[in-house]
Amino acid sequence: MTKESGKNKSDEKKTGGCCHCHHKSVPRSEENLKLLKNRISRMNGQLNGIARMLDDNRYCGDILIQVAAVESALQAFGYIILQEHMETCVVEDVKNGNLKVMDETIGLIKKLK
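Every value quoted in this text rests on a predicted model; they were computed, and no experiment measured them.

### Brief notes about the layout of surface pockets
Over the atoms rolls a probe the size of a water molecule, and in doing so it shows where empty space is left.
Then, in step 1: Approximately 530 Å³ is the volume found for the largest pocket.
Then, in step 2: Within the residue set of the lining of the largest pocket, elements represented by two or more residues are helix 3 (60-95) and helix 4 (100-112).
Then, in step 3: With 7 residues, the single largest contributor to the lining of the largest pocket is helix 3.
Then, in step 4: A per-class count over the lining of the largest pocket returns 7 nonpolar, 5 polar and 5 charged.

So, in structure tokens, the structure goes:
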């Protein structure tokens, strides 16, 4: 049992995550999920490419260009998730009278920068 949540670790495994995780009330479409996962795969490929560049003792400037590309891709990914969140989760919560979701969303925007 974890001290913070009062839940057993086996309970967390059954629910698929930590005590702070939430699940979307509006599921992602298969097509959208595929597109998001493809973006993640491309970013993983870019990160692996950076690791190979390090192994190959490549020029620092070339590595930094690739780092900037990964940061840009991750930022774009975050904005896509934010847009999805606002169009689905936030709208659903507001319709159900949960206006606290607005404070949460502003906090998320600040974290995303």
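Further notes follow.
### Notes on helix 3
Side chains that are three or four residues apart share a direction in an α-helix, a result of its 3.6 residues per turn.
Then, in step 1: For helix 3, spanning 36 residues, the distance from its first C-alpha to its last is 51 Å, which sits close to the expected 52 Å at 1.5 Å a residue.
Then, in step 2: Its axis deflected by about 35° at His85, helix 3 carries its strongest bend there.
Then, in step 3: Regarding helix 3, the residues found buried are Ile63, Val70, Phe77, Gly78, Leu82, Glu84, His85, Cys89 and Val90.
Then, in step 4: At its buried positions, helix 3 is contacted by helix 2 (30-55) and helix 4.

Cut-offs used in this document
- Residues numbered from 1 in each chain as written.
- Predicted model: local features only at pLDDT ≥ 70, side-chain atom pairs only at ≥ 80, totals over all residues.
- Heavy atoms only, no water.
- 1 Å grid on protein atoms, 1.4 Å probe; cavity = no way out; pocket = protein on both sides within 12 Å on 5 of 7 lines; lining within 4 Å.
- Points joined across faces, edges and corners; volume = space filled by probe spheres on them.
- Helix = DSSP H or I, 4+ residues; strand = E, 2+ residues; numbered from the N terminus.
- Nonpolar A, V, L, I, M, F, W, Y, C, P; charged D, E, K, R; others polar.
- Expected span 1.5 Å × (residues − 1).
- Bend = angle between axes of the 7 residues up to and from the residue.
- Buried < 20%, exposed > 50% of the residue type's maximum accessible area, 1.4 Å probe, protein only.
- Contact = heavy atoms within 4.5 Å.

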